[in-house]
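Structure assessment
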Amino acid sequence: MSCRPRHLPPCPPRPAAWWAAPGGVAAMGVALLLGACLPAHARADRGATVVLAQHPGTELDRQARQLQAQDLRDAHARGEHPVVLTASGPLSDHAGDMALFVQLQSPSLCGSAGCSTSVFLRRGDRWSCVLDSLSGPVRIMAQTHGDMHDLLVDDGDRWIWNGATYADTQATPSPPATGR
């Protein structure tokens, strides 16, 4: 599954899986899902949890469907009608830097570990994919890099802004050296 229309640059890939639940969040001044709130016991150092939900007929849903048009067409060709889940909110303090989290749910788009989520960033009137195929619950953290909030995935995988997209901070292990 790919989050980007063909005219956008490639996104950093992630394994397919995601947690989704109805509801909404707001913490640390970061409002998602149109301003619903986290429980009073939520702590800013734990971040604002991104909670996806259906928003049929809304502008949010229309944008998500446009950005994921190819995956939706492919699923429809297989006789599937994916559920579209979304959440949105600012990833920076700059007006207009709005994130759209999108997850498509259908048998062919989700694996045994769950469904994947893509993150798009709107700057002005343009959307670009900044992270693809997230695996696990996502939190928007108070800490920033390059004026963008860090994303914490699955309570241990921190993604930071590198100026163009989100980059994983977990080191990729080097292949073992072979001796002859």
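Sequence positions are assigned chain by chain, starting from 1 and proceeding in written order. Residue-level local features of this predicted model are given only where pLDDT is at least 70; pairs of side-chain atoms are given and counted only at 80 or more, and the full residue set underlies all totals for whole chains, interfaces and linings. Remark: hydrogens and water are excluded; side-chain values derive from all non-hydrogen atoms of the structure.

**Description of the pairing of strand S10 (residues 138–145)**
Worth spelling out the cut-off: At least two DSSP bridges between two strands are required for those strands to pair. Each helix corresponds to a stretch of at least 4 residues labelled H or I by DSSP, and each strand to a stretch of at least 2 residues labelled E; elements are numbered beginning at the N terminus.
Judged from the two bridges that link them, strand S3 (residues 48–49) and S10 form a sheet pairing that is antiparallel. Across the sheet, the residue bridging to Thr 49 is Arg 139, located in S10. Bridging between S10 and strand S11 (residues 148–153) involves five bridges; their strand directions are antiparallel. The partner of His 145 across the bridge, within S11, is Met 148. In sequence, S10 turns back onto S11 through a hairpin of two residues, with Gly 146 there showing a positive phi of about 60°.

**Comments concerning the sheet that holds strand S13 (residues 166–168)**
Taken together, five strands build an open sheet; the order of strands is S3-S10-S11-S12-S13 and the sheet is antiparallel. Only two strands of the sheet have a single partner each, and these edge strands are S3 and S13. Here strand S12 (residues 157–161) runs beside S13; their pairing, made up of three bridges, is antiparallel. Residue pairing for S13: Trp 161 is matched across the bridge by Tyr 166.

**Notes on the packing of aromatic side chains**
Note the threshold: Between rings of Phe, Tyr and Trp, where Trp is taken as its six-membered ring, a pair exists when centres lie within 6.5 Å; planes separated by under 30 degrees are stacked, by over 60 edge-to-face, and by other angles tilted. Buried, partly exposed and exposed residues are distinguished by accessible area as a fraction of the type maximum, computed with a 1.4 Å probe on protein chains only: under 20%, between the cut-offs, and over 50%, respectively.
Summed over the entire model, instances satisfying the criterion amount to one aromatic pair. Aromatic pair Trp 161 and Tyr 166: ring centres 5.2 Å apart, planes at 70°, arrangement edge-to-face. Neither Trp 161 nor Tyr 166 differs from the other in exposure class; each is buried.

**Comments concerning unusual backbone geometry**
Notably, Asp 147 is not glycine yet its phi reads approximately 70°, a positive angle. Relative to the elements of secondary structure, Asp 147 occurs in the loop between S10 and S11. At Asp 155, a residue that is not glycine, the phi angle is positive and equals roughly 55°. Inspection of the secondary structure puts Asp 155 in the loop between S11 and S12. Classification of Asp 155 by relative accessible area gives partly exposed; the value is 46%.

**Some remarks on the environment of Gly 163**
Examined against the element boundaries, Gly 163 turns out to sit in the loop between S12 and S13. The spacing of Gly 163 and Gly 146 is 17 residues in sequence and 6.2 Å in space, taken between C-alpha atoms.

**A word on the sheet that holds strand S4 (residues 83–90)**
By way of backbone hydrogen bonds, the strands of a sheet pair with one another, either parallel or antiparallel. Counted only if it meets this: Note on method: axes are straight lines fitted to C-alpha atoms, helices fitted across the in-contact stretch only, with angles between N-to-C directions ranging 0 to 180 degrees.
One open sheet accounts for four strands, arranged S4-S5-S8-S9; its pairing is antiparallel. Two strands lie at the open edges of the sheet, namely S4 and strand S9 (126–134), each paired on one side alone. Between one strand axis and the next, the sheet turns through 20° on average, direction left out of account. Sheet topology note: the S4/strand S5 (residues 98–105) ladder contains eight bridges and is antiparallel. Its bridge partner being in S5, Val 84 is matched across the sheet by Leu 104.

**Topic: the environment of Glu 80**
How we decide: Two residues qualify as a contact provided that any one of their heavy atoms is within 4.5 Å of a heavy atom in the partner residue. Polar contact criterion, stated in full: a pair of N or O atoms within 3.5 Å, where within protein one must be able to donate a hydrogen and the other to accept it, and residues adjacent in sequence count only if both atoms are side-chain atoms.
Residue position: Glu 80 is located in the loop between helix H2 (69–77) and S4. Considering only alpha carbons, one finds Glu 80 and Gln 105, 25 residues apart in sequence, at a separation of 9.7 Å. Non-local contacts of Glu 80, meaning those with residues more than four positions away in its chain, are made with Ala 75, Ser 106, Pro 107 and Ser 108. Of note is the side chain of Glu 80, whose polar atom sits 2.6 Å from the side chain of Ser 108.

**Points about helix H1 (residues 59–67)**
An α-helical segment advances 3.6 residues per turn. Residues three or four places apart therefore align on the same side. Rule in force here: Relevant arc is that of directions from the helix axis to the C-beta atoms, nothing else.
Those residues of H1 not exposed but buried are Leu 60, Asp 61, Gln 63, Ala 64 and Leu 67. Taken down its axis, H1 places every buried residue within 160° of arc, on the same side.

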